[in-house]
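# Secondary and tertiary structure notes
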Amino acid sequence: MTVSLGILSAAHVHASEYAALLAEREDAELVGIADAELDRAREIADRHGVECVSEAEADALLERLDGALVCSSNARHAEWVGRAVDAEVDVLCEKPLAPTLEEARGIVDCCRDAGVGLGVAMPLRFSEPAKRARTALKSGEIGSVKSISGTNRGRMPGGWFADPDAAGGGAVMDHTVHIVDLISDLIDERVAEVYAETGTRFHDIKVEDVNVLSMRLTNGATFLLDGSWSRPEAWHTWGDATVEFVGREGTIAVDCFDQLLRHTAASGADEGIRTVFYGTDPNAEMLGDFVDSVAEGSDPAVSPQDALAAVAVVEAAYESASAGRPVEVEY
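Summary of the structure given here. Quantities reported herein were computed from a predicted structural model and do not represent experimental measurements.

## What to know about the side chain of His77
In this structure, His77 sits in helix H4 (residues 77–86). Of the residues examined, His77 reaches a relative accessible area of 0% and is grouped as buried. Within the structure, His77 has its side chain in polar contact with the backbone oxygen of Ser72 (distance 3.4 Å). Ignoring anything within four residues of it in the chain, the contact list for His77 reads Val70, Ser72, Cys93, Glu94, Lys95, Pro96, Leu97, Ala98 and Ile107.

What follows is the structure in structure tokens.
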């Protein structure tokens, strides 16, 4: 079965990559892209020879789809998901599901009531290092986990990501959900409490670009996360996603994007550092999971409840940063 897919809004930086990955699949067909900014969407659509329609024409595109990828700004996720639900089209929504837990719950309820499949773009679960760590942790290789430290440090993406109205926040909103979701998947524990310190140190923007979250998990383990936009534009790669587990009998370190080849040129047109990632592409694996879920009518790997849990931690982090004290996470 070939699944017909479309992209609803090309606002997110990953929209172009998703389109390229879908174009390579034999079990899926990228039908078209709908967007409020046609020039932005047309560039991607023309590259892959697919239709480009305005936001007003999105319903006509949805009538031809089995599934849709929502790649809008965070503030517009609910609106785009709602249009897909009205057309009874399954959805893979960019993370976080929504800027607030209340809005995220509304999205989940809307999809559930309509019987529409809902997945959320959390690709780290699909990275090869994460898969190997999952096997080791599930087998009890390092005993009970006592502490965890993680990083998701990247470049400041700019655009609507730094607009508090469009994004709902800054680096906390953008980066916390990835590592929190990965921890939940790897050891079946959630964040019980979070203490957050945030700041704006690297860029002249209206949202935070620095954050450190000190958390306690439901099993009592500590969890420290740096999810800052702290990498300069000249950095050799976009950023990182790492986790280290300390257990009673050993440690496990996970670097989701360490499978890189680096080339340094001291002069000439290519002066600087270039990198090529040669590992299994987590985004490609994630899209494959979504295609399978649409074709088979099954649940995607990252469930709506997983998405709600991640948003709950983000909301608690912002409350903690504002109040200057630890905050319990309410799921």
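Having put the structure on the table, let's press on.
## Topic: the packing of helix H1 (residues 15–23) against helix H2 (residues 38–48)
Across the interface, H1 lies against H2 with an axial gap of 10 Å and an inter-helix angle of 15°. When the interaxial angle is binned, H1 and H2 end up roughly parallel. H2 is crossed by H1, and the crossing has right-handed handedness. Here Ala15, Ser16, Ala19, Ala20 and Ala23 of H1 lie close against H2, whose contacting residues are Ile44, Arg47 and His48. Tallied by class, the residues present in the contact of H1 with H2 amount to 5 nonpolar, 2 polar and 1 charged.

## Some remarks on the nonpolar core
Where a protein is soluble and globular, its nonpolar side chains tend to be buried together. By size, the foremost hydrophobic cluster in this structure holds 73 residues, and its most contacted members are Leu97, Ile148, Ile183, Ile187, Phe223 and Phe245. If near-sequence neighbours (up to four positions away) are discounted, Leu97 is found in contact with His77, Ala104, Ile107, Val108, Leu118, Val120, Ala307 and Val311. Judged by nonpolar contacts, the second largest core, of 26 residues, contains Ile7, Ala15, Ala41 and Val294.

## Section: the pattern of salt bridges
The final tally for this structure, using the stated rule, is 23 salt bridges. With a shortest N-O distance of 3.6 Å, Asp240 and Arg231 are connected by a salt bridge. Like Arg231, Asp240 is buried. Linked by salt bridges that have partners in common, Arg125, Arg134, Asp181, Asp185 and Asp306 make up one network.

The rules behind each value
- Residues numbered from 1 in each chain as written.
- Predicted model: local features only at pLDDT ≥ 70, side-chain atom pairs only at ≥ 80, totals over all residues.
- Heavy atoms only, no water.
- Helix = DSSP H or I, 4+ residues; strand = E, 2+ residues; numbered from the N terminus.
- Buried < 20%, exposed > 50% of the residue type's maximum accessible area, 1.4 Å probe, protein only.
- Polar contact = N/O pair within 3.5 Å; in protein donor to acceptor, adjacent residues only side chain to side chain.
- Contact = heavy atoms within 4.5 Å.
- Axes fitted to C-alpha atoms, helices over the stretch in contact; angles between N-to-C directions.
- Parallel < 35°, antiparallel > 145°, perpendicular 65-115°, else oblique.
- Left-handed = near helix turned anticlockwise from the far one by under 90°.
- Nonpolar A, V, L, I, M, F, W, Y, C, P; charged D, E, K, R; others polar.
- Core = buried A, V, L, I, M, F, W, Y, C linked by side-chain atoms within 4.5 Å.
- Salt bridge = Lys/Arg side-chain N within 4 Å of Asp/Glu carboxyl O.

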